[in-house]
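So the chains spell out like this:
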Amino acid sequence: MAIFNKKREAAPQNIPTHIAIIMDGNGRWAKKRGLPRQAGHKVGAEAFRTIANYAKSIGLQYLTVYAFSTENWKRSEEEVNAIMELLENYLREAIRDMDKNRVRFCFFGDLTRLSPALQAEAAEAVERSRQYEGVQVNFCLNYGGRDEILRAARAFAASCAAGEAKPEELTEERFSQLLWSAGVPDPDLVIRPSGEERISNFLLWQSAYAEYYFTDTLWPDFGPRDLDLAIEAYNKRSRRFGGAK
Ligand code: IPE
Ligand code: IPE
Ligand code: MG
(Lines give C-alpha, C1' and ligand atoms only; values in the text may rest on other atoms or scores of the structure.)
(Ligands and ions follow the chains in the order given, each with its own letter.)
Protein backbone atom coordinates (compact mmCIF):
# COMPACT_ATOMS: atom_id res chain seq x y z
CA MET A 1 0.00 0.00 0.00
CA ALA A 2 2.82 2.39 0.88
CA ILE A 3 4.38 1.82 -2.52
CA PHE A 4 1.04 2.45 -4.20
CA ASN A 5 0.57 5.75 -2.34
CA LYS A 6 4.07 6.85 -3.19
CA LYS A 7 3.43 6.18 -6.86
CA ARG A 8 0.20 8.15 -6.83
CA GLU A 9 1.83 11.12 -5.07
CA ALA A 10 4.47 11.22 -7.77
CA ALA A 11 1.86 11.27 -10.56
CA PRO A 12 2.35 14.33 -12.77
CA GLN A 13 -0.09 17.19 -12.41
CA ASN A 14 -0.83 18.29 -15.96
CA ILE A 15 -2.33 15.37 -17.76
CA PRO A 16 -2.68 15.75 -21.54
CA THR A 17 -6.14 15.16 -22.98
CA HIS A 18 -5.12 12.39 -25.34
CA ILE A 19 -2.18 10.00 -25.15
CA ALA A 20 -1.47 7.47 -27.89
CA ILE A 21 0.87 4.51 -27.46
CA ILE A 22 2.56 2.19 -29.95
CA MET A 23 2.68 -0.97 -27.83
CA ASP A 24 5.94 -2.28 -29.24
CA GLY A 25 8.67 -4.62 -28.03
CA ASN A 26 6.75 -7.75 -27.03
CA GLY A 27 8.78 -10.04 -29.27
CA ARG A 28 12.14 -8.77 -28.01
CA TRP A 29 10.94 -9.01 -24.42
CA ALA A 30 10.20 -12.71 -24.98
CA LYS A 31 13.40 -13.36 -26.92
CA LYS A 32 15.52 -11.94 -24.12
CA ARG A 33 13.99 -14.59 -21.87
CA GLY A 34 14.26 -17.44 -24.36
CA LEU A 35 10.47 -17.56 -24.64
CA PRO A 36 8.25 -17.72 -27.75
CA ARG A 37 7.09 -14.32 -29.08
CA GLN A 38 3.56 -15.15 -27.98
CA ALA A 39 4.67 -15.03 -24.34
CA GLY A 40 5.67 -11.40 -24.91
CA HIS A 41 2.26 -10.59 -26.35
CA LYS A 42 0.63 -12.14 -23.30
CA VAL A 43 2.60 -10.00 -20.85
CA GLY A 44 2.09 -7.03 -23.19
CA ALA A 45 -1.68 -7.47 -22.82
CA GLU A 46 -1.23 -7.33 -19.02
CA ALA A 47 0.82 -4.15 -19.36
CA PHE A 48 -2.03 -2.65 -21.35
CA ARG A 49 -4.57 -3.56 -18.67
CA THR A 50 -2.44 -1.87 -16.01
CA ILE A 51 -1.87 1.26 -18.09
CA ALA A 52 -5.57 1.58 -18.99
CA ASN A 53 -6.53 1.45 -15.31
CA TYR A 54 -3.79 3.86 -14.38
CA ALA A 55 -4.84 6.23 -17.16
CA LYS A 56 -8.33 6.24 -15.74
CA SER A 57 -7.05 6.89 -12.22
CA ILE A 58 -5.07 9.97 -13.27
CA GLY A 59 -7.98 11.42 -15.24
CA LEU A 60 -6.79 10.90 -18.80
CA GLN A 61 -9.67 11.39 -21.24
CA TYR A 62 -8.44 9.48 -24.30
CA LEU A 63 -5.96 6.63 -24.57
CA THR A 64 -5.32 5.29 -28.07
CA VAL A 65 -3.30 2.10 -28.39
CA TYR A 66 -1.81 0.47 -31.46
CA ALA A 67 -2.50 -3.23 -31.02
CA PHE A 68 -2.28 -4.62 -34.58
CA SER A 69 -1.32 -2.82 -37.77
CA THR A 70 -2.37 -3.38 -41.39
CA GLU A 71 1.26 -4.52 -41.89
CA ASN A 72 1.27 -7.02 -39.01
CA TRP A 73 -0.52 -9.59 -41.22
CA LYS A 74 2.94 -10.24 -42.69
CA ARG A 75 3.82 -12.21 -39.56
CA SER A 76 3.55 -15.98 -39.29
CA GLU A 77 0.07 -17.45 -39.09
CA GLU A 78 0.99 -18.86 -35.70
CA GLU A 79 1.87 -15.45 -34.28
CA VAL A 80 -1.15 -13.70 -35.82
CA ASN A 81 -3.47 -16.39 -34.43
CA ALA A 82 -1.90 -16.08 -30.99
CA ILE A 83 -2.37 -12.29 -31.01
CA MET A 84 -6.00 -12.64 -32.14
CA GLU A 85 -6.68 -15.19 -29.43
CA LEU A 86 -5.22 -12.88 -26.80
CA LEU A 87 -7.37 -10.04 -28.06
CA GLU A 88 -10.45 -12.23 -27.86
CA ASN A 89 -9.64 -13.26 -24.30
CA TYR A 90 -8.92 -9.69 -23.34
CA LEU A 91 -12.21 -8.41 -24.74
CA ARG A 92 -14.20 -11.23 -23.19
CA GLU A 93 -12.76 -10.34 -19.78
CA ALA A 94 -13.21 -6.64 -20.38
CA ILE A 95 -16.89 -7.23 -21.16
CA ARG A 96 -17.24 -9.38 -18.04
CA ASP A 97 -15.60 -6.74 -15.81
CA MET A 98 -17.19 -3.79 -17.55
CA ASP A 99 -19.17 -2.45 -14.60
CA LYS A 100 -16.10 -2.57 -12.40
CA ASN A 101 -13.66 -0.85 -14.75
CA ARG A 102 -16.07 1.52 -16.54
CA VAL A 103 -13.77 2.17 -19.49
CA ARG A 104 -15.37 3.34 -22.75
CA PHE A 105 -14.23 1.28 -25.73
CA CYS A 106 -13.77 2.36 -29.30
CA PHE A 107 -12.01 0.70 -32.26
CA PHE A 108 -10.03 2.25 -35.08
CA GLY A 109 -9.41 0.01 -38.08
CA ASP A 110 -11.22 -2.30 -40.47
CA LEU A 111 -12.50 -5.03 -38.20
CA THR A 112 -14.15 -6.98 -41.03
CA ARG A 113 -10.91 -8.89 -41.57
CA LEU A 114 -11.04 -10.22 -37.99
CA SER A 115 -12.84 -13.39 -36.91
CA PRO A 116 -16.62 -13.09 -36.47
CA ALA A 117 -16.18 -13.82 -32.75
CA LEU A 118 -13.71 -10.99 -32.32
CA GLN A 119 -15.92 -8.62 -34.32
CA ALA A 120 -18.91 -9.51 -32.16
CA GLU A 121 -16.94 -8.92 -28.97
CA ALA A 122 -15.64 -5.59 -30.21
CA ALA A 123 -19.20 -4.51 -31.07
CA GLU A 124 -20.47 -5.62 -27.67
CA ALA A 125 -17.65 -3.82 -25.86
CA VAL A 126 -18.45 -0.59 -27.71
CA GLU A 127 -22.19 -0.89 -27.19
CA ARG A 128 -22.08 -1.79 -23.51
CA SER A 129 -19.44 0.77 -22.56
CA ARG A 130 -21.02 3.71 -24.39
CA GLN A 131 -22.59 4.96 -21.15
CA TYR A 132 -19.35 5.31 -19.19
CA GLU A 133 -17.72 8.63 -18.59
CA GLY A 134 -14.03 8.91 -17.88
CA VAL A 135 -11.31 7.41 -20.04
CA GLN A 136 -12.06 6.32 -23.62
CA VAL A 137 -9.75 3.63 -24.95
CA ASN A 138 -9.36 3.57 -28.72
CA PHE A 139 -8.05 0.21 -29.83
CA CYS A 140 -6.24 0.33 -33.17
CA LEU A 141 -6.83 -3.08 -34.71
CA ASN A 142 -5.98 -3.85 -38.31
CA TYR A 143 -5.20 -0.14 -38.34
CA GLY A 144 -2.96 1.75 -40.74
CA GLY A 145 -2.69 5.52 -41.02
CA ARG A 146 -2.45 5.45 -44.82
CA ASP A 147 -5.35 3.03 -45.10
CA GLU A 148 -7.42 5.34 -42.89
CA ILE A 149 -6.61 8.40 -45.02
CA LEU A 150 -7.37 6.51 -48.27
CA ARG A 151 -10.74 5.36 -46.97
CA ALA A 152 -11.63 8.93 -46.00
CA ALA A 153 -10.53 10.21 -49.42
CA ARG A 154 -12.62 7.54 -51.15
CA ALA A 155 -15.64 8.36 -48.99
CA PHE A 156 -15.41 12.04 -49.87
CA ALA A 157 -14.84 11.29 -53.55
CA ALA A 158 -17.94 9.09 -53.47
CA SER A 159 -19.98 11.97 -51.98
CA CYS A 160 -18.74 14.22 -54.80
CA ALA A 161 -19.56 11.62 -57.45
CA ALA A 162 -23.05 11.31 -55.98
CA GLY A 163 -23.49 15.08 -56.18
CA GLU A 164 -23.71 15.43 -52.40
CA ALA A 165 -20.50 17.43 -51.99
CA LYS A 166 -18.13 19.62 -53.98
CA PRO A 167 -14.33 19.17 -53.89
CA GLU A 168 -13.79 22.75 -52.71
CA GLU A 169 -16.01 22.09 -49.68
CA LEU A 170 -13.46 19.72 -48.18
CA THR A 171 -11.82 21.20 -45.10
CA GLU A 172 -9.46 19.71 -42.53
CA GLU A 173 -12.37 19.50 -40.08
CA ARG A 174 -14.61 17.73 -42.55
CA PHE A 175 -11.86 15.32 -43.56
CA SER A 176 -11.19 14.53 -39.87
CA GLN A 177 -14.81 13.50 -39.50
CA LEU A 178 -14.30 10.81 -42.16
CA LEU A 179 -11.48 9.11 -40.20
CA TRP A 180 -11.89 6.31 -37.68
CA SER A 181 -11.04 8.90 -35.04
CA ALA A 182 -14.00 11.18 -35.90
CA GLY A 183 -14.95 13.18 -32.81
CA VAL A 184 -11.75 12.37 -30.89
CA PRO A 185 -9.32 15.26 -30.36
CA ASP A 186 -5.86 14.83 -31.90
CA PRO A 187 -3.29 13.10 -29.68
CA ASP A 188 -1.16 15.47 -27.59
CA LEU A 189 1.49 12.88 -26.83
CA VAL A 190 2.52 9.77 -28.79
CA ILE A 191 4.66 7.29 -26.89
CA ARG A 192 6.75 4.59 -28.51
CA PRO A 193 8.53 2.15 -26.25
CA SER A 194 11.07 -0.47 -27.38
CA GLY A 195 13.82 1.85 -28.63
CA GLU A 196 12.46 2.21 -32.18
CA GLU A 197 12.16 5.81 -33.27
CA ARG A 198 9.62 5.60 -36.06
CA ILE A 199 5.91 5.99 -36.44
CA SER A 200 5.10 2.76 -38.32
CA ASN A 201 1.92 4.07 -39.98
CA PHE A 202 0.26 5.19 -36.72
CA LEU A 203 -2.18 8.14 -36.62
CA LEU A 204 -0.49 9.90 -39.55
CA TRP A 205 -3.14 12.58 -39.99
CA GLN A 206 -3.93 13.08 -36.31
CA SER A 207 -0.32 13.40 -35.10
CA ALA A 208 0.49 16.51 -37.16
CA TYR A 209 1.29 18.43 -33.97
CA ALA A 210 1.70 15.63 -31.43
CA GLU A 211 4.72 15.52 -29.13
CA TYR A 212 6.67 12.28 -29.50
CA TYR A 213 8.27 10.42 -26.63
CA PHE A 214 10.57 7.46 -27.22
CA THR A 215 11.85 5.12 -24.55
CA ASP A 216 13.99 1.97 -24.62
CA THR A 217 11.65 0.19 -22.20
CA LEU A 218 9.95 -2.76 -23.90
CA TRP A 219 6.16 -2.67 -23.81
CA PRO A 220 5.69 -5.64 -21.42
CA ASP A 221 7.90 -3.78 -18.90
CA PHE A 222 6.10 -0.46 -19.38
CA GLY A 223 4.25 0.55 -16.22
CA PRO A 224 2.60 3.56 -14.54
CA ARG A 225 5.99 5.05 -13.65
CA ASP A 226 6.99 5.01 -17.32
CA LEU A 227 3.78 6.80 -18.21
CA ASP A 228 4.52 9.38 -15.50
CA LEU A 229 7.98 9.96 -17.00
CA ALA A 230 6.50 10.43 -20.47
CA ILE A 231 3.96 12.95 -19.14
CA GLU A 232 6.69 14.78 -17.21
CA ALA A 233 8.75 15.04 -20.41
CA TYR A 234 5.64 16.23 -22.28
CA ASN A 235 5.05 18.94 -19.70
CA LYS A 236 8.53 20.36 -20.36
CA ARG A 237 7.87 20.78 -24.08
CA SER A 238 6.86 24.08 -25.59
CA ARG A 239 4.06 23.50 -28.08
CA ARG A 240 3.88 26.30 -30.60
CA PHE A 241 1.68 24.89 -33.37
CA GLY A 242 3.60 27.00 -35.84
CA GLY A 243 3.20 30.20 -33.87
CA ALA A 244 5.94 32.18 -32.12
CA LYS A 245 6.03 32.18 -28.35
C1 IPE B 1 4.28 -5.27 -30.64
O2 IPE B 1 5.39 -6.03 -30.34
C3 IPE B 1 3.04 -6.11 -30.86
C4 IPE B 1 2.56 -6.12 -32.24
C5 IPE B 1 3.09 -5.51 -33.24
C6 IPE B 1 1.37 -6.92 -32.50
P7 IPE B 1 6.26 -6.74 -31.46
O8 IPE B 1 5.70 -8.09 -31.69
O9 IPE B 1 6.40 -5.89 -32.65
O10 IPE B 1 7.64 -6.86 -30.70
P11 IPE B 1 9.09 -6.66 -31.32
O12 IPE B 1 9.11 -5.32 -31.98
O13 IPE B 1 9.29 -7.77 -32.30
O14 IPE B 1 10.01 -6.74 -30.15
C1 IPE C 1 3.93 -1.17 -34.73
O2 IPE C 1 4.93 -2.04 -34.36
C3 IPE C 1 2.59 -1.83 -34.63
C4 IPE C 1 2.13 -2.18 -33.28
C5 IPE C 1 2.79 -2.01 -32.18
C6 IPE C 1 0.84 -2.77 -33.21
P7 IPE C 1 5.72 -2.96 -35.41
O8 IPE C 1 6.62 -3.81 -34.61
O9 IPE C 1 4.76 -3.63 -36.31
O10 IPE C 1 6.49 -1.87 -36.24
P11 IPE C 1 7.86 -2.00 -37.06
O12 IPE C 1 7.73 -3.19 -37.94
O13 IPE C 1 8.97 -2.14 -36.05
O14 IPE C 1 7.98 -0.70 -37.79
MG1 MG D 1 7.72 -4.44 -33.15
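Scroll up to find the structure this text is about.
Now for a quick tour of the structure. (Residues numbered from 1 in each chain as written. Chains lettered and ligands numbered in written order. Predicted model: local features only at pLDDT ≥ 70, side-chain atom pairs only at ≥ 80, totals over all residues. Heavy atoms only, no water.)

Description of the packing of aromatic side chains
Within a pair of aromatic rings, the relevant descriptors are the distance that separates the centres and the angle that separates the planes.
Link 1 in the chain: Under the definition given, this model contains 13 aromatic pairs.
Link 2 in the chain: Ring geometry for Y212 against F214: centres 6.1 Å apart, planes inclined by 5°, an arrangement best described as stacked.
Link 3 in the chain: Residue F214 is classed as partly exposed on the basis of its relative accessible area, which comes to 33%.
Link 4 in the chain: Cluster of aromatic residues (ring-pair linked, three or more members): F48, Y90, F105, F107 and F139.
Link 5 in the chain: The ring of W29 has R33 sitting right over it, with the charged end atom 3.9 Å from the ring centre.
Link 6 in the chain: The ring centre of W73 lies 4.0 Å from the NZ or CZ of R113, which sits over that ring. (Phe/Tyr/Trp six-rings, centres within 6.5 Å; stacked < 30°, edge-to-face > 60°. Buried < 20%, exposed > 50% of the residue type's maximum accessible area, 1.4 Å probe, protein only. Lys NZ or Arg CZ within 6 Å of the ring centre and 35° of its normal.)

Considerations on the layout of surface pockets
Any empty space left between atoms is shown by rolling a water-sized probe over those atoms.
Link 1 in the chain: By volume, the largest pocket is sized at about 670 Å³.
Link 2 in the chain: Residue assignment for the lining of the largest pocket shows that the elements contributing at least two residues are α2 (26-32), α3 (37-57), β2 (62-69) and α4 (77-96).
Link 3 in the chain: Here the element with the most residues in the lining of the largest pocket is α3; it accounts for five residues.
Link 4 in the chain: Grouping the amino acids of the lining of the largest pocket by side-chain chemistry returns 13 nonpolar, nine polar and eight charged.
Link 5 in the chain: Looking at side-chain class alone, the lining of the second largest pocket contains six nonpolar, five polar and three charged residues. (1 Å grid on protein atoms, 1.4 Å probe; cavity = no way out; pocket = protein on both sides within 12 Å on 5 of 7 lines; lining within 4 Å. Points joined across faces, edges and corners; volume = space filled by probe spheres on them. Helix = DSSP H or I, 4+ residues; strand = E, 2+ residues; numbered from the N terminus. Nonpolar A, V, L, I, M, F, W, Y, C, P; charged D, E, K, R; others polar.)

Things to note about the pairing of strand β1 (residues 18-22)
Link 1 in the chain: Counting buried residues in β1 gives five out of five residues, a clear majority hidden from the surface.
Link 2 in the chain: Both faces of β1 are covered, namely the face carrying H18, A20 and I22 and the face carrying I19 and I21.
Link 3 in the chain: Pairing geometry for β1 and β2, over five bridges, is parallel. The partner of A20 across the bridge, within β2, is T64. (Pairing = 2+ DSSP bridges.)

Some details on the site of ligand 1
Link 1 in the chain: Around ligand 1, a shell composed of 13 residues is seen, among which D24, G27, R28, R37 and R75 lie nearest.
Link 2 in the chain: D24 places a polar side-chain atom, nitrogen or oxygen, 2.8 Å from an oxygen atom of ligand 1.
Link 3 in the chain: Contacts to ligand 1 include G25, whose backbone N or O atom sits 3.4 Å from an oxygen atom.
Link 4 in the chain: Its free accessible area being 380 Å², ligand 1 has 87% of it covered by the protein chains.
Link 5 in the chain: At a threshold of 2 Å from the grid points, most atoms of ligand 1 map onto the largest pocket.
Link 6 in the chain: Secondary structure elements with two or more residues in the shell around ligand 1: α2, α3 and α4.
Link 7 in the chain: Looking at the shell around ligand 1 element by element, the count peaks at three residues for α2.
Link 8 in the chain: Here the shell around ligand 1 is built from residues that sort into three nonpolar, five polar and five charged. (Near = heavy atom within 4 Å. Polar contact = N/O pair within 3.5 Å; in protein donor to acceptor, adjacent residues only side chain to side chain. Areas by Shrake-Rupley, 256 points an atom, 1.4 Å probe, with all protein chains shown as cover. Sits in = over half its atoms within 2 Å of the grid points.)

Considerations on the packing of α4 against helix α6 (residues 116-129)
Link 1 in the chain: For the pair α4 and α6, interaxial distance at closest approach is 10 Å and the crossing angle is 30°. Put simply, α4 runs roughly parallel to α6. Classified by chirality, the crossing of α6 by α4 is left-handed. Contacts from M84, L87, E88, L91, R92 and I95 in α4 reach A117, L118, E121, A122, E124, A125 and R128 in α6.
Link 2 in the chain: Among the residues making up the contact of α4 with α6, the classes are represented as eight nonpolar, no polar and five charged. (Axes fitted to C-alpha atoms, helices over the stretch in contact; angles between N-to-C directions. Parallel < 35°, antiparallel > 145°, perpendicular 65-115°, else oblique. Left-handed = near helix turned anticlockwise from the far one by under 90°. Contact = heavy atoms within 4.5 Å.)

Focus on the site of ligand 2
Link 1 in the chain: For ligand 2, the full set of nearby residues is I22, M23, D24, Y66, A67, F68, N72, R75, R192, R198 and S200.
Link 2 in the chain: Here D24 contributes a side-chain N or O atom positioned 3.2 Å from an oxygen atom of ligand 2.
Link 3 in the chain: Here N72 contributes a side-chain N or O atom positioned 2.9 Å from an oxygen atom of ligand 2.
Link 4 in the chain: Put simply, ligand 2 lies in the largest pocket.
Link 5 in the chain: Looking at the shell around ligand 2, the element that brings in the most residues is β2, giving three residues.
Link 6 in the chain: Residue composition of the shell around ligand 2, by class: five nonpolar, two polar and four charged.

Description of the packing of α3 against helix α9 (residues 224-235)
Link 1 in the chain: Their axes nearest at 9 Å, the elements α3 and α9 cross at an angle of 55°. By the angle between their directions, the pair α3 and α9 is classed as oblique. Where α3 crosses over α9, the two elements pack in a sense that is right-handed. On α9, the residues touching T50, I51 and Y54 of α3 are P224, L227 and D228.

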